[in-house]
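Structure assessment
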Amino acid sequence: MPRDISLYIHLPFCRSKCPYCSFVSYDHRETDIPRYLSALKRELARRADGENVRSIYFGGGTPSLVSAEYLADLMSVIRELFAVDEAAEITAEANPGTIEGEYLRAIRESGVNRLSLGVQSLNDRELALLGRIHTAAEAREAVRQAREAGFDNLSIDLMYGLPGQSLSDWQHSLEEAITMRPEHLSLYALTLEEETPMGKAVSEGCLNELDQDAAADQYELAEDLLAVGGYDHYEISNWAMGGRECRHNLTYWRNLAYLGVGVAAHSCLNGHRLANTASLDKYMVDSSGESAAGPELDEEISPELELVETAILGLRLSEGIDSDEIHHRFVIDILVYYQQQIEEMTRAGLLEQTGRRVKLTRRGRLLSNEVFWRFLPE
């Protein structure tokens with residue numbers, strides 16, 4: 001019987017690399033897009049096994065740099081190789097400043113039914129700090145054009161915890177985003193890897209250190225404002241109107257099977273974690289040459305590790321983890337298996353238990369890493 005999976009397609013091209021970004025992406029390489037897409041199609045053909053696809057996610061990079069015609073071609077290839085559910089959620093990430101109405105209408109007609117806009121801020125000073133190529137006005141226009149193009153499932157990304165960002169600054173961006181009534185909002189605290197330009201600027205004293213206390217205040221403000229605005233807080237960093245949770249990302253948080261295709265893409269299939277090369281040139285050569293590239297990483301996931309990951313990922317969800325569901329999947333009573341950790345974190349006010357379900361408290365969401373590491377094997 002064909003297995004159910006979610007499908008991730010990595011499109012790593014950017015006009016310019018944001019100074020905070022540590023994702024695998026490449027700027028000034030747009031001329032390689034046709035060759036890269038040929039490699040993608042070869043990998044898709046090699047790895048497809050007649051699976052049922054519940055969701056498709058075009059991530060990046062900046063997927064909206066790929067033409068509507070190329071995206072439509074990819075969709076055709078995917079439908080030929082996989083059994084795509086009629087009601088599949090099909091998401092494309094897009095950046096304001098790289099899209100216009102005709103493009104959005106075309107990708108909507110090709111089957112993309114969910115748009116994730118990388119707005120990040122509605123404050124021009126903050127956008128400049130983040131190295132974004134769009135303005136707040138262009139972000140507003142992108143939302144308007146998405147609606148006109150027929151997108152009725154729209155997600156907006158915003159960032160908080162920025163150097164110099166006041167609580168009032170954050171409130172203004174957030175309140176304006178709420179008035180746009182996107183079906184989904186993803187809110188991410190700025191985190192910096194040392195090798196990124198912004199990370200180096202902080203370590204060299206050229207940019208203020210990130211203020212974790214200010215970020216916590218901003219997060220709690222978001223929880224309050226979005227609750228009043230009618231959004232359900234369904235995952236640590238994600239809010240949605242009823243029924244508009246991101247089904248693709250729920251695959252990750254429920255630790256279910258997914259196939260990742262493209263440079264640096266990860267997969268979780270048949271008890272194995274797989275990862276492709278992060279080298280764009282190597283991916284294109286290997287995927288289109290005589291020896292097709294296979295995953296560079298192939299790690300077997302032990303039953304113990306799968307249980308740990310399922311528990312930790314499940315705790316990211318506001319619904320928490322259902323011990324009966326865990327028992328059905330692993331034949332283990334998680335309330336007994338993790339009794340010490342659950343009791344300790346409950347006394348600390350970071351976890352709460354209702355019946356046979358365990359979830360993070362409001363304070364626990366702020367200190368989630370303090371909870372998660374306690375579930376790791378010693």
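Conventions adopted
Residues numbered from 1 in each chain as written. Predicted model: local features only at pLDDT ≥ 70, side-chain atom pairs only at ≥ 80, totals over all residues. Heavy atoms only, no water. Pairing = 2+ DSSP bridges. Helix = DSSP H or I, 4+ residues; strand = E, 2+ residues; numbered from the N terminus. Phe/Tyr/Trp six-rings, centres within 6.5 Å; stacked < 30°, edge-to-face > 60°. Buried < 20%, exposed > 50% of the residue type's maximum accessible area, 1.4 Å probe, protein only. Lys NZ or Arg CZ within 6 Å of the ring centre and 35° of its normal. Core = buried A, V, L, I, M, F, W, Y, C linked by side-chain atoms within 4.5 Å. Contact = heavy atoms within 4.5 Å. 1 Å grid on protein atoms, 1.4 Å probe; cavity = no way out; pocket = protein on both sides within 12 Å on 5 of 7 lines; lining within 4 Å. Points joined across faces, edges and corners; volume = space filled by probe spheres on them. Nonpolar A, V, L, I, M, F, W, Y, C, P; charged D, E, K, R; others polar. Disulfide = S-S within 2.5 Å. Expected span 1.5 Å × (residues − 1).

Focus: the sheet that holds strand β17 (residues 357-360)
Spatially, three strands are ordered β15-β17-β16 in an open sheet, and the strand pairing comes out antiparallel. The sheet is open, and its two borders are formed by β15 (321-322) and β16 (351-354), each paired with just one other strand. Here β15 pairs with β17 via two bridges, running antiparallel. Residue pairing for β17: Ile321 is matched across the bridge by Val358.

Quick notes on the packing of aromatic side chains
Counting across every chain of the model gives ten aromatic pairs. Judged by centre distance (5.3 Å) and plane angle (85°), the ring pair of Phe13 and Tyr36 falls under edge-to-face. With Phe13 in strand β2 (residues 13-14) and Tyr36 in helix α1 (residues 33-47), this residue pair connects regions lying 23 residues apart in the sequence. Of the two residues, Phe13 and Tyr36, both sit in the buried class. Taken together, the ring pairs connect Tyr160, Trp170, Tyr219 and Trp239 into an aromatic cluster. The ring of Phe151 is capped by Arg108, whose NZ or CZ atom sits 5.9 Å from the centre of that ring.

Some words on the pairing of β17
A one-sided burial pattern is seen for β17, the buried positions being Val358 and Leu360 and the unburied ones Arg357 and Lys359. Relative to β17, β16 runs antiparallel, the two sharing four bridges. Considered in β17, the bridge of Leu351 is made with Leu360. In sequence, β16 turns back onto β17 through a hairpin of two residues, with Gly355 there showing a positive phi of about 60°.

Digging into the nonpolar core
A general tendency of soluble globular proteins is for nonpolar side chains to be buried together. Counting residues in each nonpolar core, the largest one holds 91 residues, and the members touching the most others are Leu7, Tyr36, Phe58 and Leu187. Those residues in contact with Tyr36, other than ones at most four positions away along the chain, are His10, Leu11, Pro12, Phe13, Gly262, Val263, Leu280, Tyr283 and Met284.

What about unusual backbone geometry?
For the peptide bond that leads from Gly60 to Gly61, omega is 15°, which places it in the cis range. Inspection of the secondary structure puts Gly61 in the loop between β4 (52-60) and α2 (68-81). Although it is not a glycine, Ala264 adopts a positive phi angle of roughly 65°. Within the secondary structure, Ala264 is located in the loop between β11 (258-261) and β12 (266-269). Of note in the backbone geometry, Asn270 takes a positive phi value of approximately 50° without being a glycine.

Concerning the environment of Gly61
The exposure class assigned to Gly61 is buried, which follows from its relative accessible area of 19%. Taking the C-alpha atoms as reference points, Gly61 and Met159, 98 residues apart in sequence, are found 17 Å from one another. Residues within four places of Gly61 in sequence aside, it is in contact with His10, Leu11, Pro12, Phe13, Cys14, Ser25 and Glu93.

With respect to the layout of surface pockets
Of the voids in this model, the second largest pocket is the one considered here, and its volume is about 280 Å³. If you go around the second largest pocket, you meet 15 residues; those closest to its centre are Arg254, Thr310, Glu325, Ile326 and Arg329. When contributions to the lining of the second largest pocket are tallied by element, the ones reaching two or more residues are α11 (303-316), β15 and α12 (323-330). Of the residues that constitute the lining of the second largest pocket, the class distribution is five nonpolar, four polar and six charged.

Topic: the state of the cysteines
Taken as a whole, this structure holds zero disulfides when the rule is applied. Just so you know, Cys14 is unpaired, no disulfide at all, and the nearest cysteine sulfur is the one on Cys21, 6.4 Å from it. Looking at the unpaired Cys206, the closest cysteine sulfur is the one in Cys18, lying at 19 Å.

A look at helix α5 (residues 136-148)
Here α5 is 13 residues long and its end C-alpha atoms lie 19 Å apart, about the 18 Å a rise of 1.5 Å per residue gives. Of all the positions in α5, only Ala136, Ala139, Ala142, Val143, Gln145 and Ala146 are classed as buried. Looking at the buried positions of α5, the neighbouring elements they touch are α3 (101-109), β6 (114-120), α4 (124-129) and β7 (154-160). Where α5 terminates, the next one or two residues include Gly150, which has phi positive at roughly 100°.

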